[in-house]
Amino acid sequence: MTGLATLLALTLAATLAVAAVAKLRDPSRTAGDFAALGLPMPTLLARLVPAIEVAVAVALLVVPGWGAVAAFGLFVLFTALLISLVRSGQPIACSCFGAVSDEPVSWVEVARNGVLLVAAAVVTPFDELVVPGFAAVVAYSAAAVIGMVVVQLVAFKRDVGAVWSTHLSGEAPA
């Protein structure tokens with residue numbers, strides 16, 4: 001495994017672990033959020049989804065290639081749900097990371113999941129973790145910053161209505 005793939009595997013594992021812990025901290029809210037999303041058996045899913053997220057996080061550390069395949073599949077399912085919610089126009093909160101945000105699902109979450117899908121795809125061919133070199137850390141950091149900028153631009157577009165505006169004040173042009 002390359003150092004960059006190792007860093008991506010660690011990031012995916014941490015992301016899934018944080019998501020799982022956030023859901024497990026308030027299982028009744030998670031079940032309610034899952035019910036609002038229209039998912040069947042929300043109480044069962046409130047326990048099952050975080051357990052699966054933890055299992056995939058562990059797999060990413062123990063058998064990174066297979067863990068990445070599982071993460072990719074999980075993110076495909078999550079992304080499909082997000083896209084269907086965005087297209088429906090229903091203002092439902094994602095609850096992707098527990099109660100971190102009450103913002104309705106938007107293309108921001110879809111973009112974020114796209115970044116996670118790419119990361120999982122990069123890790124898939126590798127079967128062991130290695131200590132990353134300096135070049136891998138720099139490349140990973142640059143890619144992470146670019147990914148965060150893309151997600152923030154999409155969030156800005158959602159919140160403001162435009163990514164770039166020549167008007168700095170809240171006034172409309174004359």
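First things first, this report covers the structure right here in the doc.

**Side note on the packing of helix H4 (residues 64-88) against helix H5 (residues 107-123)**
- As a packed pair, H4 and H5 sit with axes 9 Å apart at the nearest point and diverge in direction by 160°. The pairing of H4 with H5 is recorded here as roughly antiparallel in orientation. Of the two elements, H4 crosses H5, and the hand of that crossing is left-handed.
- Classifying every residue of the contact of H4 with H5 gives 17 nonpolar, three polar and three charged.

**Section: the packing of aromatic side chains**
- Within this structure, the stated rule accounts for one aromatic pair.
- Each ring, one from Phe75 and one from Phe78, has its centre 6.5 Å from the other, and the planes form 70°; the classification is edge-to-face. Separated by three residues within a single helix, Phe75 and Phe78 lie in helix H4, roughly one turn from each other.
- Take Phe78: its relative accessible area is 25%, and that puts it in the partly exposed class.

**Structural notes on the environment of Val56**
- In this structure, Val56 sits in helix H3 (residues 42-62).
- Considered as a pair, Val56 and Ala71 are 15 residues apart in the sequence and their alpha carbons are 6.2 Å apart.
- In contact with Val56, other than residues within four places in its own chain, are Leu16, Gly67, Ala70, Ala71 and Leu74.

**A word on helix H2 (residues 27-36)**
- Residues of H2 that are buried: Thr30, Ala31, Asp33 and Phe34. One side of H2 carries all its buried residues, which in axial view fall inside an arc of 165°.
- Those residues of H2 that are buried are in contact with helix H1 (3-25) and H3.
- Residue Gly38 follows H2 closely and has a positive phi angle near 85°.

Calculation criteria
Residues numbered from 1 in each chain as written. Predicted model: local features only at pLDDT ≥ 70, side-chain atom pairs only at ≥ 80, totals over all residues. Heavy atoms only, no water. Axes fitted to C-alpha atoms, helices over the stretch in contact; angles between N-to-C directions. Helix = DSSP H or I, 4+ residues; strand = E, 2+ residues; numbered from the N terminus. Parallel < 35°, antiparallel > 145°, perpendicular 65-115°, else oblique. Left-handed = near helix turned anticlockwise from the far one by under 90°. Nonpolar A, V, L, I, M, F, W, Y, C, P; charged D, E, K, R; others polar. Phe/Tyr/Trp six-rings, centres within 6.5 Å; stacked < 30°, edge-to-face > 60°. Buried < 20%, exposed > 50% of the residue type's maximum accessible area, 1.4 Å probe, protein only. Contact = heavy atoms within 4.5 Å. Arc of directions from axis to C-beta.

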